[in-house]
Amino acid sequence: MAAVSETKKTVAELGEKYKYGFVTDIEMERAPKGLNEDVVRFISAKKGEPDWMLQWRLGAYRRWREMTEPTWARVHYPKIDYEDAYYYAAPKTTAKPKGLDEVDPKLLETYKKLGIPLHEQKLLAGVAVDAVFDSVSVATTFKAKLEEAGVIFCPISEAIREHGDLVRKYLGSVVPVTDNFFATLNSAVFSDGTFVYVPKGVRCPMELSTYFRINASETGQFERTLIIADEGSYVSYLEGCTAPKRDEHQLHAAVVELIALEGAEIKYSTVQNWYPGDEEGKGGIYNFVTKRGDCRGARSKISWTQVETGSAITWKYPSCILRGEGSVGEFYSIAITNHFQQADTGTKMIHLGKNTRSRIISKGISAGKAQNTYRGLVSVHPKAANARNYTQCDSLLIGRECGAHTVPYIEARNKTARVEHEATTSKIAEDQLFYCTSRGIPQEEAVALIVNGFCREVLQQLPMEFAVEAQKLVGISLEGSVA
Amino acid sequence: MLEIKNLHVAVGGKEILKGLTLAISAGEVHAIMGPNGSGKSTLSYVLAGREGYEITGGAITYRGENLAELSPEKRSAKGIFLAMQYPVEIPGVTTLTFLKTALNAQRRARNEPELDALAVLKLVRSKAASLNVPEEMLKRALNFGFSGGEKKKLEILQMALFEPALAILDETDSGLDIDALKLVADGVNRLRSPERAMLVITHYQRLLNFIVPDRVHVMAGGRIVAKGGKELALELEAKGYGHWTKDAA
Ligand SMILES: Nc1ncnc2c1ncn2[C@@H]1O[C@H](COP(=O)(O)OP(=O)(O)OP(=O)(O)O)[C@@H](O)[C@H]1O
Ligand SMILES: [Mg+2]
């Protein structure tokens, strides 16, 4: 009954500042606190996983024990005590719900508050949603319609049981078990997440979307997403994240793997709004995420779009391995930090194949006492003849106490490669603000408007259904940034 | 409607307006002329409430209210509009979005219902047509890469849209070709009404052929140094400012 301590009263008090900061009062089942092989076995057993999956997890766990947390990012936080957290928490319903009718009404209520109605008839037209609450997936909508097209869209725990061959073939093939401290931890304890498979030549008939919600206290969330676009297919996927307002820091360490086979295209969008902490820097999510896409086939394309407004600390570098000849990688990013938030984010574009192209557009906005770092690697391997990269990094500062940093790494080991990098740093000018206010627009709204303008190129990349929400989020996340 | 009494204003610690007195009644159009650097734009910014323009003496009363106490956005909602001498570029924000945001912010502040996107579009289109502002301009980022004349036209489009009670035009005619000048003047004249007042800052008497003012003021050294009817503008054009600036400094 851990999540019961805060009640709906808190919700009212939160006001507009972090409107997703409420806690759902629901009974939880947890694994014992701390991390050891038994906890890994517990999670695996809870999920009814086959032995190969358990062995995979245990391998990751043992490896993780030998690893140390990376320190190269420009983020500062007190040492995380990995023994002082829960690694599995699930709403206590007896069996896994079969349909929406069986989902606990309190959960449906939570998603309604988040603006994500799970009842299919009320859904945004053409958006299928998978909702992950703490460690388990609670509902996947539009399943039947997708099945008709041959698209598999389900919780990864279900995929492990029912599409074992596919999962086994691709899981860990982009982000290896040993990749990095947080990814290895995730490999050992991931509890749920989303699995997508789009068959050959199929254009997924609707946007796919997952909403991740951390609810329980002292609990880490470790979701795992695996998306496979088979030859000539197309899929657009969006994830949204929110968490309650709490004084403690909570760890979120996800892994996302994308695989695009020949001629396939994956568009992956994120609107990350985990609880950022309060104005004094108290609480907030530590968001350490490994996202990587593999353009495995010729002429494949992977496009990452992220709007990062939440989390106390963001550490993520959605990357593309451009293996297939003529494959294309894109990274469009908005990272907003306010108050005491810290973000160290960017991308890696690894050009392995001939005629591969990549494009990076990064917009960093920093306000309050926040620090915002773009860190990006463009690497052109010797065989990647005619590789092209274009990088544009723009930073916007609001106030005097924040910081923006750009750290580009470029390795070009093929003479025919062309890598372009442009960077700018600017401030919201007083005359722009005055122009807006003199036309009746209040200061905060003016800041939101100007920042949205600054981010336009990236916002335009979002699926239409979510662009408006994202624009609002930009405004909300900058509240209190101008005196 | 507007009463400015012995106004002193400092910018960056330097006194720019040095005891300016001016009153405009509803229904009137006043023109201000004066040499470069005499403080015309400073006056317009003070009226609009720009930060950093410190009132060190005197008072401004607008419809019986002390203007100094109102934020720029409140002034706007209460009907004050400044067409700026140098309109500001805002990259990435489309002109139409800006107009909608501003219009609805003003309406909200007045407790009027907000207009939806379609209603705004219709309204903007009708105003744009009368000012010969091409539709394509509305889709571009606000003032971004606009020519000097286009920027000025957009200011007048905003004036037409917001229908302010007090419009201040700071050198809106500078940079306009003759056709645009007439369109702008038409726009201003259409808005003239017994409830509205206008303050037109200009260097050229030519504008005043199209917008005929009730009063003309000559400003020099941060003060009004002469006033008269529309014939004063003609006199200025003939003689220059030398006659008045001698004893102004
Ligand atoms: N921030 C500032 N610091 C110091 N002086 C300033 C500042 N802003 C304006 N001034 C000065 O105030 C004076 C009045 O400027 P203002 O722009 O009001 O003149 P103006 O009458 O509008 O001139 P113009 O006809 O050229 O537009 C000028 O001498 C200008 O240099
Ligand atoms: Mg001026």
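From a predicted model like this one, the values you see are computed outputs, not experimental measurements.

**Examining the overall build of chain B**
Looking only at helices and strands, chain B features 10 helices and 12 strands. Relative to the 2.2 N^0.38 estimate, which gives 18 Å for 249 residues, the radius of gyration of chain B is 18 Å and therefore close to what a compact globule would have. Along the first, second and third principal axes, the C-alpha set of chain B runs to 55 × 40 × 35 Å. A buried classification covers 55% of the 249 residues belonging to chain B. Here the contacts in chain B between residues at least 6 apart in sequence split such that 69% fall between residues at least 24 apart. For chain B, the exposed surface amounts to about 10,600 Å²; the carbon and sulfur share of it is 50%. Once the 32 positive and 29 negative side-chain charges of chain B are each reduced to a mean point, those two points are 1 Å apart.

**Describing the packing of aromatic side chains**
All names here are of chain A. A full pass over the atoms with the stated rule returns 22 aromatic pairs over all chains. What links up through ring pairs into an aromatic cluster is the set Y61, W64, W72, Y77, Y82, F181, F182, Y286, F288, W315 and Y317. Against the face of F190 rests R57, its NZ or CZ located 4.1 Å from the ring centre. Over the face of the ring belonging to F454 we find K363, whose NZ or CZ atom lies 5.1 Å from the ring centre.

**Some points on the interface of chain B and chain A**
Taken together, the 33 residues of chain B in the interface contact 19 residues of chain A. Summing the contributions of chain B and of chain A, the shared interface buries around 2,000 Å²; its carbon and sulfur component is 63%. On the chain B side of the interface with chain A, the three residues burying the most area are R50, E73 and V88 of chain B, jointly 25% of the side's total. Applying the counting rule to chain B against chain A returns three salt bridges. The partner of E430 of chain A in a salt bridge is R50 of chain B, and the shortest N-O contact between them spans 2.7 Å. Counting across the chain B and chain A interface gives 11 residue pairs in polar contact (both at pLDDT 80 or more). If you list the elements that add at least two residues to the side of chain B that touches chain A, you get helix 1 (40–48), helix 2 (72–77), strand 6 (80–83), strand 7 (90–94), helix 3 (95–109) and helix 6 (148–162) of chain B. Ranked by residue count, the leading element in the side of chain B that touches chain A is helix 3 of chain B, at seven residues. When its residues are assigned to classes, the side of chain B that touches chain A shows 18 nonpolar, nine polar and six charged.

**A short note on unusual backbone geometry**
Leaving glycine aside, a negative phi is the common case for residues, and trans is the common case for peptide bonds. Residue and element names in this part refer to chain A. With a phi close to 70 degrees, S311 is a non-glycine residue in the positive phi region. Residue placement: S311 occurs in the loop between strand 14 (301–308) and strand 15 (313–316). We classify S311 as buried; its relative accessible area is 0%. The phi angle at N386 is positive, at roughly 60 degrees, despite the residue not being glycine. Along the chain, N386 turns up in the loop between strand 20 (371–380) and strand 21 (388–398).

**A closer look at the coordination of the magnesium ion (ligand 2)**
Residue and element names in this part refer to chain B. The coordination sphere of the magnesium ion (ligand 2), as far as protein atoms go, consists of S41 (OG) and Q85 (OE1), spread over 2.0 to 2.1 Å. Highlighted residues: S41 in helix 1 and Q85 in the loop between strand 6 and strand 7, separated in sequence by 44 residues. On the basis of relative accessibility, which here comes to 14%, the residue Q85 falls in the buried class.

**Here's the deal with the confidence of the model for chain B**
Looking at chain B, the pLDDT average stands at 93 and 98% of residues meet or exceed 70. Scoring of the predicted complex yields 0.87 for pTM and 0.96 for ipTM.

**Some details on the packing of helix 3 of chain B against helix 4 (residues 117–130) of chain B**
Between two packed helices, the angle of one axis relative to the other and the distance separating the axes together describe the packing. Residue and element names in this part refer to chain B. Interhelical geometry of helix 3 versus helix 4 gives an angle of 110 degrees and a closest axis separation of 10 Å. Between helix 3 and helix 4, the angle falls in the class roughly perpendicular. For the pair helix 3 and helix 4, contact is made by L96, L99, K100 and L103 and by A117, V120, L121, L123 and V124, respectively. Per-class residue counts for the contact of helix 3 with helix 4 are eight nonpolar, no polar and one charged.

**Some points on empty space enclosed by the protein**
Residues and elements named next belong to chain A. One pass over the structure, following the stated rule, counts nine cavities of 30 Å³ or more. Its volume calculated, the largest cavity comes out at about 100 Å³. What lines the largest cavity is a set of 15 residues, and nearest its centre among them are S362, G364, N372, Y374 and S395. Counting residues per element, the ones that place at least two in the lining of the largest cavity are strand 17 (328–337), strand 19 (357–367), strand 20, strand 21 and strand 22 (403–412). Looking at the lining of the largest cavity residue by residue, the class counts come to four nonpolar, nine polar and two charged.

**Things to note about the pairing of strand 17 of chain A**
Residues and elements named next belong to chain A. Within strand 17, 10 of the 10 residues are buried, which leaves the element mostly enclosed by the surrounding structure. Here strand 17 shows no split at all, with V328, E330, Y332, I334 and I336 on one side and G329, F331, S333, A335 and T337 on the other all buried. Sheet topology note: the strand 14/strand 17 ladder contains eight bridges and is parallel. Counted as the bridge partner of Q306 is S333 from strand 17. In the sheet, strand 17 pairs with strand 19 via 10 bridges, with the strands oriented parallel. Within the sheet, the bridge partner assigned to A335 lies in strand 19 and is G364.

**Thoughts on the nonpolar core**
Formed by 103 residues in total, the largest nonpolar core has its most connected members in I365 and V451 of chain A together with L43 and F98 of chain B. In this structure, L43 of chain B is in contact with I4, L7, L17, L20, L22, I32 and L199 of chain B, ignoring residues within four places of it in sequence. Counting 54 residues, the second-largest nonpolar core is a separate cluster that includes M53, Y88, A90 and L185 of chain A.

**Section: the sheet that holds strand 5 (residues 65–66) of chain B**
Residue and element names in this part refer to chain B. With respect to topology, four strands assemble into an open sheet ordered 2-1-4-5, the strand pairing being antiparallel. Each edge of the sheet is formed by a strand with only one pairing partner; in this case those strands are strand 2 (14–24) and strand 5. Sheet topology places strand 1 (residues 2–11) next to strand 2; eight bridges connect them, and they run antiparallel. The residue of strand 2 that forms the bridge with L7 is L20. Contacting strand 1, strand 2 and strand 4 (53–62), helix 1 crosses the sheet at an angle of about 110 degrees to strand 1.

Rules used throughout
- Residues numbered from 1 in each chain as written.
- Chains lettered and ligands numbered in written order.
- Predicted model: local features only at pLDDT ≥ 70, side-chain atom pairs only at ≥ 80, totals over all residues.
- Heavy atoms only, no water.
- Helix = DSSP H or I, 4+ residues; strand = E, 2+ residues; numbered from the N terminus.
- Rg over C-alpha atoms; globule rule 2.2 N^0.38 Å.
- Buried < 20%, exposed > 50% of the residue type's maximum accessible area, 1.4 Å probe, protein only.
- Contact = heavy atoms within 4.5 Å.
- Areas by Shrake-Rupley, 256 points an atom, 1.4 Å probe, with all protein chains shown as cover.
- Lys, Arg positive; Asp, Glu negative; His and termini not counted.
- Charge placed at Lys NZ, Arg CZ, Asp CG, Glu CD.
- Phe/Tyr/Trp six-rings, centres within 6.5 Å; stacked < 30°, edge-to-face > 60°.
- Lys NZ or Arg CZ within 6 Å of the ring centre and 35° of its normal.
- Buried area = accessible area lost by both parts, 1.4 Å probe.
- Salt bridge = Lys/Arg side-chain N within 4 Å of Asp/Glu carboxyl O.
- Polar contact = N/O pair within 3.5 Å; in protein donor to acceptor, adjacent residues only side chain to side chain.
- Nonpolar A, V, L, I, M, F, W, Y, C, P; charged D, E, K, R; others polar.
- Donors = N, O, S within 2.8 Å, 3.2 Å for Na, K, Ca; no water.
- pLDDT = per-residue confidence, 0-100.
- Axes fitted to C-alpha atoms, helices over the stretch in contact; angles between N-to-C directions.
- Parallel < 35°, antiparallel > 145°, perpendicular 65-115°, else oblique.
- 1 Å grid on protein atoms, 1.4 Å probe; cavity = no way out; pocket = protein on both sides within 12 Å on 5 of 7 lines; lining within 4 Å.
- Points joined across faces, edges and corners; volume = space filled by probe spheres on them.
- Pairing = 2+ DSSP bridges.
- Core = buried A, V, L, I, M, F, W, Y, C linked by side-chain atoms within 4.5 Å.

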